[in-house]
Amino acid sequence: DTAVSQTPKYLVTQMGNDKSIKCEQNLGHDTMYWYKQDSKKFLKIMFSYNNKELIINETVPNRFSPKSPDKAHLNLHINSLELGDSAVYFCASARATNEKLFFGSGTQLSVL
Amino acid sequence: AQSVAQPEDQVNVAEGNPLTVKCTYSVSGNPYLFWYVQYPNRGLQFLLKYITGDNLVKGSYGFEAEFNKSQTSFHLKKPSALVSDSALYFCAGGGNQFYFGTGTSLTVIP
């Protein structure tokens, strides 16, 4: 069983559309994250949730809205997609802060 | 602000030679430091972490890292590189959020 799974793996869409990326972890972890990896491979944290509550919300446009229906799931909804949103988005989870992260395999988003 | 830095974008090493991937940190208090590896089209995988204790930390796949407080460094090392070690390596600092270095692409030449 995959520990941290994200769907879809690839997402190609037009500018202005709204899309969602789903993430689930079966590790029983309390903390989940969304990271964005750009074309230069830089990793930037977007959001962090602990037990379904938002802990960190970095300087991310409010077009990005995370939702955590339970502590095993952290979905990312993006409104009005822009060209600059094209990137690979990684979900990750950890037992607690300062513990090692377990990453999903990523969602490659291409906005045309 | 807390941060980690990886001064080298690219490291090339011959197979069988020792490898070092550099990381320096700027963290207040006791640092939580990590190394991760990313293979093409994959998510990051944990290699090792330092919290407190021994300055030499052993991790997965024969990797180790040396914590040096006076030099604020946490370099990743392996005594004998394999071609399969070729990947992107990230140093990271922990806390309420993980902050990653910019990554170092390691190429092991057969």
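Residues numbered from 1 in each chain as written. Chains lettered and ligands numbered in written order. Predicted model: local features only at pLDDT ≥ 70, side-chain atom pairs only at ≥ 80, totals over all residues. Heavy atoms only, no water.

> Honestly, the environment of Ile51(B) in this entry has me stumped. Any pointers?
All names here are of chain B. Mapping Ile-51 onto the fold places it in the loop between β6 (44-50) and β7 (56-58). A residue is classified by how much of its surface remains accessible, and Ile-51, at 30% relative accessible area, is partly exposed. Taking the C-alpha atoms as reference points, Ile-51 and Ala-14, 37 residues apart in sequence, are found 31 Å from one another. Apart from residues no more than four positions distant in its own chain, Ile-51 is found in contact with Pro-31 and Tyr-32. (Helix = DSSP H or I, 4+ residues; strand = E, 2+ residues; numbered from the N terminus. Buried < 20%, exposed > 50% of the residue type's maximum accessible area, 1.4 Å probe, protein only. Contact = heavy atoms within 4.5 Å.)

> For this particular structure, what's the right way to read the pattern of salt bridges?
In a structure, side chains of opposite charge can pair up when their charged atoms sit close to one another. Counted according to the given criterion, the structure contains 8 salt bridges over all chains. Salt-bridge contacts for Arg95(A) lead to Glu99(A); the nearest nitrogen and oxygen are separated by 3.2 Å. You can call Arg95(A) exposed: its relative accessible area is 55%. In this structure Glu99(A) comes out as partly exposed when scored by relative accessible area, which is 22%. Here Asp85(B) and Lys78(B) are joined by a salt bridge, their closest N and O atoms 2.9 Å apart. Comparing Asp85(B) with Lys78(B) shows no difference in burial state: the two are buried. Through salt bridges with shared partners, a single network forms among Arg63(A), Glu82(A) and Asp85(A). (Salt bridge = Lys/Arg side-chain N within 4 Å of Asp/Glu carboxyl O.)

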